[in-house]
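# Coordinate inspection notes
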Amino acid sequence: MGTVTALHRYPVKSTLGEALTSVAVTERGLWGDRLAAVLDDGTGAVGSVKHPRKWGPLLRCRSMLTDSGTVVVQLPDGTVLSAGDPELDTRLSDLLGRPVSLSDTPPGHGGTLERAVPAYEGGVPETLRATASTDATGETITSGRVAPGTFFDYGRIHLITTAALARLRSTHPAGDFDPRRFRPNLVVDAPGGPGFPEDAWIDARLRIGEAALFRVVVPTPRCVVPTLGHGELPPGPGIMRAVAREHRVPVFDLGRLSCVGVYLDVLEPGTVQVGDPVTRY
């Protein structure tokens, strides 16, 4: 079905992450992925660039794991500080303009997660659009929660294919469809021409390499994040309108949403490496 061409993890939610050549996969997902998040000290909300007016500067930071498993954050000026260092919370608070702190303890009930509501169709379920409100930043938002006991929005592992990105690029040549915009864990080079082969994988089991086994759960709904600047990648305002035109598919009972990629559950832990074959069972 394809070959793994890139691996990414994001130790701190909504920051830039790190590219890997090999990574252990646990029942929780990629080892070291979304271990921590920046929390609003006043409201307890989980920092997510899905609300870019409030949390967008996090995409100017990069999180990494040291060899000993310590989370470190590189700030926009290049300073690197470790999780637990009070100076890191101070610097993040200055960057975001309000008191925040880095936490590795997910809220037990599932922390509040705010999302900006895009103007295009398919960017949010219409039932949620009807409940949207305007917050103090002037942004129209909806509120949900992270998955209980984690800092994941929903799926533990996110996969995209080069075929899907090629299809979108063919319909919007001016757009920069660098896979990093979509914050995947796995990028798979699927054979054949441009298209959305992963649409046919829902409920299928995927063996990656010789060990790890996954189940494809659901298409990945997209929000405003791919349109934002990501490190050296400039903003791409037309990216999600192209997705909304080309690929709106049913997601559970939420209607037809703009999707790129799929979420996976882990059935059997193992190790995944760049170059591993992907086999459908």
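Summary of the structure given here. Here the structure is a predicted model, which is why all the values come from computation and not from measurement. (Residues numbered from 1 in each chain as written. Predicted model: local features only at pLDDT ≥ 70, side-chain atom pairs only at ≥ 80, totals over all residues. Heavy atoms only, no water.)

### Here we look at the overall build of the protein chain
What the protein chain contains, in helices and strands, is five helices and 20 strands. Compactness check: the protein chain gives a C-alpha radius of gyration of 18 Å against a globular reference of 19 Å for 281 residues, within 12% of the reference. Summarising its shape, the C-alpha atoms of the protein chain cover approximately 50 × 45 × 35 Å along the three principal directions. Residues classed as buried in the protein chain amount to 53% of the 281 residues present. Sequence separation of 24 or more characterises 72% of the internal contacts of the protein chain that already satisfy a separation of 6 or more. Here the protein chain displays about 11800 Å² of accessible surface, and carbon together with sulfur accounts for 51% of that area. (Helix = DSSP H or I, 4+ residues; strand = E, 2+ residues; numbered from the N terminus. Rg over C-alpha atoms; globule rule 2.2 N^0.38 Å. Buried < 20%, exposed > 50% of the residue type's maximum accessible area, 1.4 Å probe, protein only. Contact = heavy atoms within 4.5 Å. Areas by Shrake-Rupley, 256 points an atom, 1.4 Å probe, with all protein chains shown as cover.)

### Focus: the packing of aromatic side chains
Enumeration over the complete set of coordinates arrives at two aromatic pairs. Their ring planes at 70° and their centres at 6.0 Å tell us that Tyr 154 and Phe 252 sit as a pair that is edge-to-face. Of this pair, Tyr 154 sits in the loop between strand 12 (140–145) and strand 13 (157–161) while Phe 252 sits in the loop between strand 17 (248–250) and strand 18 (256–268), and the two are 98 residues apart along the sequence. By relative accessible area, which is 43% here, Tyr 154 ends up partly exposed. Centre to centre, the rings of Tyr 154 and Tyr 263 are 5.7 Å apart; their planes meet at 55°, and the pair counts as tilted. A residue pair is termed long-range when its members are at least 10 positions apart, and Tyr 154 in the loop between strand 12 and strand 13 and Tyr 263 in strand 18 qualify at 109 residues. Residue class for Tyr 263 comes out buried when judged on its relative accessible area of 14%. (Phe/Tyr/Trp six-rings, centres within 6.5 Å; stacked < 30°, edge-to-face > 60°.)

### Quick notes on the pattern of salt bridges
Overall, the coordinates contain 16 salt bridges when judged by the stated rule. One network of salt bridges, in which partners are shared, links Lys 13, Lys 50 and Asp 153. (Salt bridge = Lys/Arg side-chain N within 4 Å of Asp/Glu carboxyl O.)

### Brief notes about the layout of surface pockets
Of the volumes computed, that of the largest pocket is approximately 890 Å³. Along the walls of the largest pocket sit 41 residues, with Lys 50, Arg 115, Asp 153, Pro 221 and Tyr 263 positioned nearest its centre. Counting residues per element, the ones that place at least two in the lining of the largest pocket are strand 10 (112–116), strand 12, strand 13, strand 16 (212–221) and strand 18. Its residues assigned to classes, the lining of the largest pocket shows 21 nonpolar, 11 polar and nine charged. For the second largest pocket, the lining is made up of 13 residues, of which His 8, Leu 16, Gly 17, Arg 62 and Arg 180 are closest to its centre. Considered class by class, the residues forming the lining of the second largest pocket number four nonpolar, four polar and five charged. (1 Å grid on protein atoms, 1.4 Å probe; cavity = no way out; pocket = protein on both sides within 12 Å on 5 of 7 lines; lining within 4 Å. Points joined across faces, edges and corners; volume = space filled by probe spheres on them. Nonpolar A, V, L, I, M, F, W, Y, C, P; charged D, E, K, R; others polar.)

### Concerning the nonpolar core
In this structure, Val 38 and Leu 92 are the most contacted members of the largest nonpolar core, which totals 22 residues. Elements represented by at least two residues in this core include exactly strand 7 (71–74), helix 2 (86–96) and strand 9 (100–103). If one sorts the elements of this core by residue count, helix 2 sits on top with three residues. In contact with Val 38, other than residues within four places in its own chain, are Val 12, Ala 45, Val 46, Gly 47, Trp 55, Leu 58, Leu 92, Leu 96, Val 100, Ser 101 and Leu 102. By size, the runner-up hydrophobic cluster in this structure holds 21 residues, among which are Leu 7, Trp 201, Ala 212 and Phe 214. (Core = buried A, V, L, I, M, F, W, Y, C linked by side-chain atoms within 4.5 Å.)

### Comments concerning the sheet that holds strand 7
The three strands are arranged 6-7-8 in an open sheet whose pairing can be described as antiparallel. With partners counted over all chains shown, the strands left at the sheet margins are strand 6 (62–65) and strand 8 (80–82), one partner each. Taken over all neighbouring pairs, the strand axes of this sheet differ in orientation by 30° on average, direction set aside. Sheet topology note: the strand 6/strand 7 ladder contains four bridges and is antiparallel. Bridge assignment links Leu 65 to a residue of strand 7, and that residue is Val 71. (Pairing = 2+ DSSP bridges. Axes fitted to C-alpha atoms, helices over the stretch in contact; angles between N-to-C directions.)

### Comments concerning the state of the cysteines
Summed over the entire model, instances satisfying the criterion amount to zero disulfides. Cys 223 forms no disulfide, and the closest cysteine sulfur to it belongs to Cys 259, at a distance of 11 Å. Accessibility expressed as a relative area gives 11% for Cys 223, which makes it buried. (Disulfide = S-S within 2.5 Å.)

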